[in-house]
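Residue-level listing of the chains:
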Amino acid sequence: MAENTEAEAVMSSRAHPTVAVLLGGPSAEREVSLSSGKECAAALRDEGFQVVELDAGPDLPARLAQIRPDVVFNALHGRWGEDGCVQGILEWMGIPYTHSGVLASSLAMDKARSKDVYRAAGLPIVESVLASRDEVGTRHVMPAPYVVKPNNEGSSVGVYLVMDGANTPPQLSDEMPETVMVETYAPGRELTTTVLGDRPLAVTDILTDGWYDYSAKYEVGGSRHVIPADIPDDIRDACYDYAVRAHNALGCRGMSRTDFRWDESRGIDGLILLETNTQPGMTPTSLSPEQAGFAGMSFGALCRWLVEDASCNR
């Protein structure tokens, strides 16, 4: 691709290309980003790159201008790093960067707008509404069972599950945003598929003792990943198809990961697309590196691939 050639030409201007790994930042997912970024930085050093770890703050443009990296590896998670904001800074500065661009990042982070894109692409989703935090705390805005989550955060931060028979609506934390998404609960198994470039890597079945929440995702032993998932071929193929279609419909670049719920009792009709993550976690317990490994790509090779895929105008 032309963008790849451009990025490689920029990197070839130095004997050892400099990669600035953006990590940390001010979002609710700061700690996960710090872990992801440090893992990626170490892998890229092993791959021969000169690496600078950069905790993203208000002085980010000035620090990037001082460092003058050949490429930015975006290991930020959550708002500002995953929603198009930092991508806009990098576009403005003309620095090639990894993962998705401004529009795709913004669309994927906004759950309501990404559902509009999925719906237009004919992808299976559950019903949902946007409501104020106060309204959700005073009445059931849809029949139970349902899920309440921030409209523009990821990693199961602030997720409330309201099951059948709940007498009262959920009492949301003050840390929840003023506007939240309420969606019909989709029962079944938790499946996920990573798309790298234009190809799906695998389907992982995520097993937990309860809800797949923040600690289940990121704490050692919080969940068990079965890869490849023990599912029928038509469900596997549908996961592949839906993940690639979601990736393309949103305009994602580099790597994305799409999450599903599958109700076995309903066959293919029980497969529901939940959301697409444009900045999949890169920690030791993360799903996308595991799927890359299953496909024959080491963690270092995955990080190198993302750097070599970097560009502007994404």
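Notes on the structure in this doc start here. (Residues numbered from 1 in each chain as written. Predicted model: local features only at pLDDT ≥ 70, side-chain atom pairs only at ≥ 80, totals over all residues. Heavy atoms only, no water.)

### Considerations on the packing of aromatic side chains
The description of an aromatic ring pair rests on the distance of the ring centres and on the angle between the ring planes.
Then comes step 1: If you walk through the whole model with that rule in mind, you get one aromatic pair.
Then comes step 2: A centroid spacing of 6.4 Å and a plane angle of 45 degrees characterise the contact between Tyr-242 and Phe-260, whose relative ring orientation is tilted. Residue Tyr-242 is located in helix α9 (residues 233-250), and its partner Phe-260 is located in strand β11 (residues 255-262); the two are separated by 18 residues in the primary sequence. For the pair formed by Tyr-242 and Phe-260, the shared burial category is buried.
Then comes step 3: The ring of Trp-80 carries the charged tip of Arg-79 above its face, separated from the ring centre by 4.7 Å. (Phe/Tyr/Trp six-rings, centres within 6.5 Å; stacked < 30°, edge-to-face > 60°. Helix = DSSP H or I, 4+ residues; strand = E, 2+ residues; numbered from the N terminus. Buried < 20%, exposed > 50% of the residue type's maximum accessible area, 1.4 Å probe, protein only. Lys NZ or Arg CZ within 6 Å of the ring centre and 35° of its normal.)

### Concerning the state of the cysteines
Then comes step 1: If you walk through the whole model with that rule in mind, you get zero disulfides.
Then comes step 2: Sulfur of Cys-40: no disulfide; nearest cysteine sulfur belongs to Cys-303 and is 4.1 Å away. (Disulfide = S-S within 2.5 Å.)

### Observations concerning the pairing of strand β7 (residues 179-184)
Put simply, side chains in a regular strand alternate between the two faces of the sheet.
Then comes step 1: Sheet topology note: the strand β4 (residues 128-132)/β7 ladder contains five bridges and is antiparallel. From the neighbouring strand, Ala-131 faces β7, where its bridge partner is Val-180.
Then comes step 2: Inspection of the sheet shows strand β5 (residues 146-150) paired to β7 by five bridges, in the antiparallel sense. If you follow Pro-150 over to β7, its bridge partner there is Val-180. (Pairing = 2+ DSSP bridges.)

### Looking at α9
Then comes step 1: The end-to-end C-alpha distance of α9, which contains 18 residues, comes to 26 Å, matching closely the 26 Å that a straight helix rising 1.5 Å per residue would cover.
Then comes step 2: When we look at burial in α9, the residues that qualify are Ile-235, Ala-238, Cys-239, Tyr-242, Ala-243, Val-244, Ala-246, His-247 and Leu-250.
Then comes step 3: Contacts from the buried residues of α9 go to α5 (102-109), α6 (111-120), β8 (189-196), β9 (199-207), β11 and β12 (271-277).
Then comes step 4: Looking at the residues trailing α9, positive phi occurs at Gly-251, about 85 degrees. (Expected span 1.5 Å × (residues − 1). Contact = heavy atoms within 4.5 Å.)

### Points about unusual backbone geometry
Then comes step 1: Of note, the amide linkage connecting Ala-144 to Pro-145 takes the cis form, showing an omega dihedral of 5 degrees.
Then comes step 2: Considering the arrangement of structural elements, one finds Pro-145 in the loop between α7 (133-138) and β5.
Then comes step 3: Each neighbour pair has its own omega, and for Ile-227 with Pro-228 the value is 0 degrees, a cis peptide bond.
Then comes step 4: Its place among the elements puts Pro-228 in the loop between β10 (224-226) and α9.
Then comes step 5: With a phi angle near 55 degrees, Arg-68 is a residue other than glycine that sits in the positive phi range.

### What to know about the sheet that holds β7
Then comes step 1: The strand order across the open sheet formed by four strands is β4-β7-β5-β6, and the pairing between neighbours is antiparallel. Two strands bound the open sheet, and with one partner strand each, they are β4 and β6 (160-162). Sheet twist, expressed as the average angle between the axes of neighbouring strands with direction ignored, equals 25 degrees.
Then comes step 2: Two strands pair when backbone bridges link them, and β5 and β6 are joined in this way by three bridges, in the antiparallel orientation. Bridge assignment links Tyr-146 to a residue of β6, and that residue is Val-162.
Then comes step 3: Of the strands in this sheet, β4, β5 and β7 touch α6, which is tilted by about 40 degrees from β7. (Axes fitted to C-alpha atoms, helices over the stretch in contact; angles between N-to-C directions.)

### Some remarks on the pattern of salt bridges
Then comes step 1: Per the counting criterion, the structure on display carries 19 salt bridges.
Then comes step 2: Put simply, Arg-133 and Glu-178 hold a salt bridge, and the shortest N to O gap is 2.9 Å. You can see Arg-133 sitting in helix α7 and its partner Glu-178 sitting in the loop between β6 and β7, a full 45 residues away along the chain.
Then comes step 3: Residue classification places Glu-178 among the partly exposed residues on the basis of a relative accessible area of 49%.
Then comes step 4: Asp-233 is paired through a salt bridge with Arg-236; the nearest N and O atoms lie 3.4 Å apart. (Salt bridge = Lys/Arg side-chain N within 4 Å of Asp/Glu carboxyl O.)

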